[in-house]
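A structural walkthrough
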Amino acid sequence: MRAVQYRTIGGAPEVVEIEKPTPGPGQVLLEVTAAGICHSDDFIMGLPEKQYVYGLPLTLGHEGAGRVVELGSGVEGLELGTNVVVYGPWGCGTCLACAQGKENYCPRAAELGIAPPGLGSPGALAEYMLVDSPRHLVPIGDLDPVRTVPLTDAGLTPYHAIKRSLGKLRAGSTAVVIGAGGLGHLAVQILRALSPARVVALDVTEEKLALATAVGAHDVVLSDADAAANVRSLLGGRGAQLVLDFVGAQPTIDTAMAVADVESDVTIVGISSTPAAAQVGFFRQAYEASVTVPYWGSRGELIELVELAHRGVFDVHTETFPLADAPKAYERLHEGTLSGRAVVVPSL
Ligand code: NAD
Ligand code: ZN
Ligand code: ZN
């Protein structure tokens, strides 16, 4: 089968022919219908050898959708042909965190050698993919896999980040979204669906700001050195109750901290390739502003997102690519010229 692999440190992803996997006990084989491309892939492929921990060659793709085509021994209750999306942050399944569905925070995954598909295990950028347990599949029924696959990360990560702060978003509150790309354009929609907050989106080009407006941002502001002052003047001098930074670079973290109001949450989701950090101390930011860095989301939250998708809540913007053009999609991601999520469709 064809697969897209990262094969050498610093090299570009390559389309290669590898053996089609067969499911072992407890595993499920999917024929991939859609696979999303995340900026985190660009981050890991930019890591120097010393910091790279995902194994080589690595079949990329941690956002996967597929059709169940083969069951390993012992797998029951799953019908062949079922359309599913894959919950990516695999955990052990039995610890307290996993029992609560928070496999993204499984404390045993590393010691047991369990890694997410595309981030240590073979990923979704291939004609077929192995899933380690039917527990990690969420049926999507008749939803379009191309528009649903981004929910597994570009949707799930902001959904989790927003849900933990919903108590701070009342009528009259403001949420700021920095970076209206794959994750950010869904964050805007999740905020609109779940809260009465005014949503202000920041990005670096007019095209990206237009996308943010199209998916529901009330206001947009160019992300430059004056961004914090411009956001505050838009808000009558006040700050935001939730700031989500989907870039995570020093200038955006600085903007995030500067627009955070008293008792707000500053949530840094983006992972910068250059070291960046928020500085917390007296007279640096508003009182009782809390800063956090979340990772992905829970199994239950993905099920909730698919439920919302069935209700037609999301307008997921995608650009599709055949498998052979996946390296081109990564180039576009790196250049920052994609609109919404790049999704690879092996059948194209
Ligand atoms: P993306 O490339 O689709 O979107 C990034 C957006 O940020 C683009 O619209 C870009 O124009 C914009 N941007 C770049 N520089 C900016 C600046 N200075 N100010 C404002 N906007 C700017 O990326 P994505 O796939 O949505 O991922 C976003 C980030 O989230 C990445 O850093 C990725 O690694 C990270 N991520 C983290 C998690 C997690 O669990 N914490 C999960 C997924 C992705
Ligand atoms: Zn990701
Ligand atoms: Zn666990």
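Conventions and cut-offs
- Residues numbered from 1 in each chain as written.
- Chains lettered and ligands numbered in written order.
- Predicted model: local features only at pLDDT ≥ 70, side-chain atom pairs only at ≥ 80, totals over all residues.
- Heavy atoms only, no water.
- Helix = DSSP H or I, 4+ residues; strand = E, 2+ residues; numbered from the N terminus.
- Buried < 20%, exposed > 50% of the residue type's maximum accessible area, 1.4 Å probe, protein only.
- Contact = heavy atoms within 4.5 Å.
- Areas by Shrake-Rupley, 256 points an atom, 1.4 Å probe, with all protein chains shown as cover.
- Donors = N, O, S within 2.8 Å, 3.2 Å for Na, K, Ca; no water.
- Tetrahedral: all angles 85-135°; square planar, octahedral: opposite > 155°, others 65-115°.
- 1 Å grid on protein atoms, 1.4 Å probe; cavity = no way out; pocket = protein on both sides within 12 Å on 5 of 7 lines; lining within 4 Å.
- Points joined across faces, edges and corners; volume = space filled by probe spheres on them.
- Nonpolar A, V, L, I, M, F, W, Y, C, P; charged D, E, K, R; others polar.
- Near = heavy atom within 4 Å.
- Polar contact = N/O pair within 3.5 Å; in protein donor to acceptor, adjacent residues only side chain to side chain.
- Domains from an automatic or database assignment.
- Phe/Tyr/Trp six-rings, centres within 6.5 Å; stacked < 30°, edge-to-face > 60°.
- Lys NZ or Arg CZ within 6 Å of the ring centre and 35° of its normal.
- Buried area = accessible area lost by both parts, 1.4 Å probe.
- Patch = residues over 30% accessible without salt bridge, like charges linked within 9 Å, V, L, I, M, F, W, Y side chains within 5 Å.
- Salt bridge = Lys/Arg side-chain N within 4 Å of Asp/Glu carboxyl O.
- Axes fitted to C-alpha atoms, helices over the stretch in contact; angles between N-to-C directions.
- Parallel < 35°, antiparallel > 145°, perpendicular 65-115°, else oblique.
- Left-handed = near helix turned anticlockwise from the far one by under 90°.

Points about the overall build of the protein chain
From N to C terminus, the protein chain includes 10 helices and 16 strands. Counting the 348 residues in the protein chain, one finds 54% classified as buried. Looking at the protein chain alone, contacts between residues at least 24 apart form 71% of all its contacts between residues at least 6 apart. Accessible surface, the protein chain: about 14900 Å² in total, of which carbon and sulfur atoms supply 52%.

Observations concerning the coordination of the zinc ion (ligand 3)
Note on the zinc ion (ligand 3): its protein donors are Cys92 (SG), Cys95 (SG), Cys98 (SG) and Cys106 (SG). The metal-donor distances range over 2.3 to 2.4 Å. Each of the four donor atoms around the zinc ion (ligand 3) contributes to a set of angles spanning 105 to 117°, which defines the coordination as tetrahedral. Between the donor residues of the zinc ion (ligand 3), the gaps in sequence give the motif C-x2-C-x2-C-x7-C.

Structural notes on the coordination of the zinc ion (ligand 2)
Of the protein atoms, only Cys38 (SG), His62 (NE2) and Asp153 (OD) coordinate the zinc ion (ligand 2), at distances of 1.8 to 2.3 Å. Between consecutive donors of the zinc ion (ligand 2), the numbers of intervening residues give the motif C-x23-H-x90-D. Of this pair, Cys38 sits in the loop between strand 3 (28–37) and helix 1 (39–45) while Asp153 sits in the loop between helix 3 (145–148) and helix 4 (156–163); the two residues are 115 residues apart in sequence, bridging distant segments of the chain. You'll find Cys38 and Asp153 in the same group, each marked buried.

Some thoughts on the layout of surface pockets
The space that makes up the second largest pocket amounts to roughly 210 Å³. Forming the walls of the second largest pocket are 16 residues, and the residues nearest its centre are Pro21, Ser121, Pro122, Met129 and Leu130. Broken down by class, the residue content of the lining of the second largest pocket amounts to 10 nonpolar, four polar and two charged.

Quick look at the site of ligand 1
Ligand 1 sits among 26 residues. The nearest are His39, Asp203, Ser223, Trp296 and Arg341. Backbone polar atom of Gly182 to an oxygen atom of ligand 1: 2.9 Å apart, as the coordinates give it. In the model, a nitrogen atom of ligand 1 is placed 3.2 Å from a nitrogen or oxygen of the Val269 main chain. Bound to the protein, ligand 1 loses 87% of the 870 Å² it would expose on its own. Of all the elements in the fold, those that place two or more residues in the shell around ligand 1 are helix 1 and helix 5 (182–194). The residues that make up the shell around ligand 1 include at least three from each of domain 1 (2–153 + 297–345) and domain 2 (156–292).

Side note on the packing of aromatic side chains
Under the criterion given, the structure shown has five aromatic pairs. Grouped by ring-pair contacts, the aromatic residues Tyr6, Tyr52 and Tyr54 constitute a single cluster. Over the aromatic face of Tyr128 sits the side chain of Lys20, whose NZ or CZ is 4.4 Å from the ring centroid.

Comments concerning the domain arrangement of the protein chain
The domain boundaries assigned to the protein chain delineate domain 1 (2–153 + 297–345) and domain 2 (156–292). Between the C-alpha centres of domain 1 and domain 2 the distance comes to 27 Å. At the interface, 25 residues of domain 1 touch 21 residues of domain 2. Taking both sides of the interface into account, the surface hidden between domain 1 and domain 2 amounts to around 1800 Å²; carbon and sulfur atoms contribute 62%. When the area that domain 1 buries against domain 2 is broken down by residue, the three leading residues are Phe43, Asp153 and Glu301, summing to 25%.

Looking at a nonpolar patch on the surface
Side chains of Val262, Phe282, Phe283 and Tyr287 sit close together on the surface and give an oily, nonpolar patch of about 550 Å² of accessible area. Tracing the chain through its elements places Phe283 in the loop between strand 13 (260–268) and strand 14 (290–292).

With respect to the packing of helix 7 (residues 227–234) against helix 8 (residues 250–259)
At a minimum axis distance of 9 Å, the contact between helix 7 and helix 8 shows a crossing angle of 30°. What the angle tells us is that helix 7 and helix 8 run roughly parallel. Crossing geometry of helix 7 relative to helix 8 is assigned as right-handed. Here Ala227, Ala228, Val231 and Arg232 of helix 7 lie close against helix 8, whose contacting residues are Thr255, Ala258 and Val259.

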